[in-house]
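# Architecture at a glance
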Amino acid sequence: MKIVLNLFLMLTTISCSADTNDSLSNDEVDNVASNEEMASIVSVASSGTENNYTFSVGISSPDTGCSQYANWWEVVKEDGTLLYRRILRHSHVNEQPFVRSGGTIDITSDQVVIVRAHMNTSGYGVKAFIGSVSGGFKETILENGFAENLATVAPQPDKCAF
């Protein structure tokens, strides 16, 4: 069931990208397909005022419980600087995809940022969203290893509740 759902999400994503003339290259499709055990951002919405924004982020992840779950999402500058991290304190096995909000995020409405997710077992996924509050957000594929050093930066989850 999980493989079928992941395949459906991947095909839906590719289809949606093609509809907006932002189709994925063959290498990107292979990269997405090989990252089946990664968390992926599926939506980003924002609210608030200049330098005081809240983001609501949709994540699809292959959670199995505390042994494998999406343990945070974060907002990063294009240069790889961490702006905000929302710690996820438990797995979402029966709630996929799921949405969690966080903030406040100190950015201007036109500042371009990247929103991405992290798994406790496999690290950062390559499917993320990029954009700005004023311009909106769209799916992107990050280079493998993009700002990977942030995986050890605080804040870090202390434990998984369930």
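See the structure above.
Read on for an overview of the structure. As the structure is a prediction and not an experimental result, all values here were calculated from the model.

Moving on, we come to unusual backbone geometry. Cis rather than trans, the peptide bond between G103 and T104 has omega equal to 25 degrees. As for its placement among the helices and strands, T104 is situated in strand 5 (residues 98–105). A cis geometry characterises the amide bond from A154 onward to P155, with omega recorded as 0 degrees. The residue P155 is located in the segment after strand 9 (136–141) in this model.

Let us now look at the state of the cysteines. Evaluated as defined, the whole model comprises one disulfide. Disulfide partner of C66: C160, at an S-S distance of 2.1 Å. Handedness of the C66-C160 disulfide follows from its S-S torsion of about -80 degrees: it is left-handed. A residue pair is termed long-range when its members are at least 10 positions apart, and C66 in the loop between strand 2 (52–60) and strand 3 (70–77) and C160 in the segment after strand 9 qualify at 94 residues.

Calculation rules
Residues numbered from 1 in each chain as written. Predicted model: local features only at pLDDT ≥ 70, side-chain atom pairs only at ≥ 80, totals over all residues. Heavy atoms only, no water. Helix = DSSP H or I, 4+ residues; strand = E, 2+ residues; numbered from the N terminus. Disulfide = S-S within 2.5 Å.

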